Amino acid sequence: MDSLSLAQARRVALAAQGLHRPRPDASARDGAVTMRRLTSEVDRLGLLQIDSVNVLARAHLVPLYSRLGPYDVGLLDRASGRAPRRLVETWAHVASFVPAATYPLLEWRRRGYLTEAWGTIAGTPLEHAGEVDLVRQMVAERGPVTAREIHDELEATGRSAPRSREEWGWNWTMAKRCLEFLFFTGEVMSARRNAAFERCYDLPERVLPPAVRAAAPVDDDEAVRQLLELGARAHGVGTARCFADYFRLRGPAARQALAELVEDGTLQPVTVEGWDERTYRHRDARLPRRAAGRTLLSPFDPLVWERRRLEALFDVYYRIEIYVPAPKRTLGYYVLPFLEGDAITAFVDLKADRQTGVLRVQAAHPTRHTTPGTAAALGGELDTLAGWLGLGATVVAGPGELAPALATAVRAA
């Protein structure tokens with residue numbers, strides 16, 4: 001059994017995620033972010049989590065910025081919204097973009113919706129069987145179509161009740177529930193997202209690339225094995241829990257897959273300084289001599305998904321506090337970790353104020369790994385981020401021990 005120091009394990013994890021090196025220089029001859037480079041990065045990550053929160057930027061956009069720097073987000077729209085699609089939407093970690101070739105590996109989840117989906121989805125065919133058939137037919141006839149368009153037509157013809165405006169949260173119409181059930185099970189897919197970030201639903205045969213449609217079915221156990229291996233490859237080093245969490249795998253199938261990957265040498269047992277759990281390293285994982293990257297990480301970045309892993313690797317405590325009442329928040333509403341080399345040196349609560357054209361730093365906190373140069377480095381990063389978002393200035397106006405030094409650095413930048 002090999003052993004790794006904690007610093008070595010961090011570098012392995014950063015290299016697996018493509019975060020161990022400086023981002024490409026867009027002005028350099030080979031620094032432009034092309035479609036090939038973008039999809040290669042998604043292949044490395046395995047998936048991009050989707051979330052509707054748009055305080056800074058859509059969740060799936062920022063992980064690519066963190067690794068590639070300022071890029072044309074239209075590339076991602078084309079990769080997922082035009083034929084032949086390189087990326088498709090499905091339930092993976094949660095709602096996610098995945099490479100089209102990964103879609104067949106998740107068929108067992110779509111088929112097993114009764115145990116894999118949450119109650120609102122799992123109960124839909126029992127509560128709205130007739131409506132599901134009707135919505136399925138409407139998508140076949142009119143797709144790509146949004147839930148709002150389906151609902152409006154059903155309401156206009158008296159086949160659906162008006163949407164309630166009094167409930168909070170996921171106040172889905174009947175049309176939306178039916179569409180999300182069909183989406184979870186793979187009977188319909190998202191052909192693209194419109195300007196309001198609504199899914200435009202269509203039939204799989206009009207969305208999936210021909211090669212994916214023609215691919216032979218993958219045995220359930222083999223599919224779980226491949227998904228666990230993708231999670232392990234994306235992490236580089238970690239525990240069984242880390243690897244399984246990547247695609248939200250659980251139960252006997254995940255344990256069997258782990259045993260098989262260890263047996264064939266894909267995963268190699270290692271000891272990591274300070275880790276008590278059994279730990280493994282992917283056989284292709286690299287150990288760079290140093291980590292020289294510098295970037296902000298989205299709360300939905302794969303490096304920070306598994307909070308216990310993040311705490312063990314980087315010695316920081318981090319939680320997303322979107323759903324925490326404001327008086328109880330410790331870091332802020334939409335907080336991004338700042339990665340500097342192989343350390344997380346700061347947390348910043350950011351908001352893109354699009355109305356005034358300003359990137360607002362609503363709080364800036366140091367970590368125990370903050371250095372005298374952190375404020376200047378973070379100030380430069382915020383300037384780059386603001387430019388990518390089309391914002392003209394950065395304003396540090398919030399609390400936090402790092403805020404005064406960061407405000408000075410931002411003015412200098």
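First, a word on scope: everything that follows refers to the structure included in this document. Worth saying up front: this structure is predicted, and the values here are computed from it rather than measured.

Concerning the packing of helix H9 (residues 129-142) against helix H11 (residues 174-185)
Packing of H9 against H11 leaves a shortest axis separation of 9 Å and a crossing angle of 75°. Classified by the angle between their axes, H9 and H11 sit roughly perpendicular to one another. Residues Glu131, Val132, Val135, Arg136 and Val139 of H9 form the contact with H11, whose participating residues are Met174, Cys178, Leu179, Phe181 and Leu182. Looking at the contact of H9 with H11, its residues break down into eight nonpolar, no polar and two charged.

Focus: the side chain of Thr279
Mapping Thr279 onto the fold places it in strand S9 (residues 279-282). Reaching out from Thr279, the side chain makes a polar contact with the backbone oxygen of Glu277 at a distance of 2.9 Å. Discounting chain neighbours no more than four positions away, the residues touching Thr279 are Val237, Gly238, Thr239, Gln268, Pro269, Val270 and Val272.

Quick look at helix H2 (residues 35-45)
Residues spaced three or four apart along an α-helix point in a common direction, a consequence of the helix completing one turn every 3.6 residues. The complete set of buried residues in H2 reads Met35, Leu38, Thr39, Glu41, Val42 and Leu45. Buried residues in H2, looked at end-on, bunch into an arc of 155°, giving them a common side. Positive phi shows up at Gly46, right after H2, with a value of about 95°.

So, the pairing of strand S4 (residues 95-99)
Burial analysis of S4 places five of its five residues in the buried class, the great majority of the element. Bridge count between strand S2 (residues 48-49) and S4: two bridges; the pairing is antiparallel. Residue pairing for S4: Gln49 is matched across the bridge by Ser96. Two elements, strand S3 (residues 87-91) and S4, share five bridges in a ladder whose sense is antiparallel. Of the residues in S4, the one forming a bridge with Val88 is Val98.

Regarding unusual backbone geometry
Negative phi values dominate among residues other than glycine, just as trans dominates among peptide bonds. A cis amide bond links Ala83 to the next residue, Pro84, at an omega of -10°. Tracing the backbone through its elements, the reader meets Pro84 in the loop between helix H4 (74-81) and S3. With omega at 0°, the peptide bond leading from Gly143 into Pro144 counts as cis. Summarising the element assignment, Pro144 is placed in the loop between H9 and helix H10 (147-156). For Phe197, which is not glycine, the phi dihedral falls at a positive 65°. In this fold, Phe197 is placed in the loop between strand S5 (189-193) and strand S6 (199-202).

Thoughts on the pattern of salt bridges
All told, the structure shown has 28 salt bridges when counted by the stated rule. Arg23 is paired through a salt bridge with Glu381; the nearest N and O atoms lie 2.9 Å apart. Of this pair, Arg23 sits in the loop between helix H1 (6-16) and H2 while Glu381 sits in helix H17 (residues 374-388), placing them 358 residues apart in sequence. The two residues Arg23 and Glu381 agree in class, both being buried. Salt-bridge contacts for Asp133 lead to Arg136; the nearest nitrogen and oxygen are separated by 2.7 Å. One end of the pair, Asp133, and the other, Arg136, are both in helix H9, three residues apart, so they sit about a helical turn from each other. The exposure class assigned to Arg136 is partly exposed, which follows from its relative accessible area of 26%. One continuous salt-bridge network, built from bridges that share partners, spans Glu89, Lys176, Glu180, Arg193 and Arg199.

Cut-offs applied
- Residues numbered from 1 in each chain as written.
- Predicted model: local features only at pLDDT ≥ 70, side-chain atom pairs only at ≥ 80, totals over all residues.
- Heavy atoms only, no water.
- Axes fitted to C-alpha atoms, helices over the stretch in contact; angles between N-to-C directions.
- Helix = DSSP H or I, 4+ residues; strand = E, 2+ residues; numbered from the N terminus.
- Parallel < 35°, antiparallel > 145°, perpendicular 65-115°, else oblique.
- Contact = heavy atoms within 4.5 Å.
- Nonpolar A, V, L, I, M, F, W, Y, C, P; charged D, E, K, R; others polar.
- Polar contact = N/O pair within 3.5 Å; in protein donor to acceptor, adjacent residues only side chain to side chain.
- Buried < 20%, exposed > 50% of the residue type's maximum accessible area, 1.4 Å probe, protein only.
- Arc of directions from axis to C-beta.
- Pairing = 2+ DSSP bridges.
- Salt bridge = Lys/Arg side-chain N within 4 Å of Asp/Glu carboxyl O.

Geometric descriptors of this kind do not, in isolation, establish any biological role.
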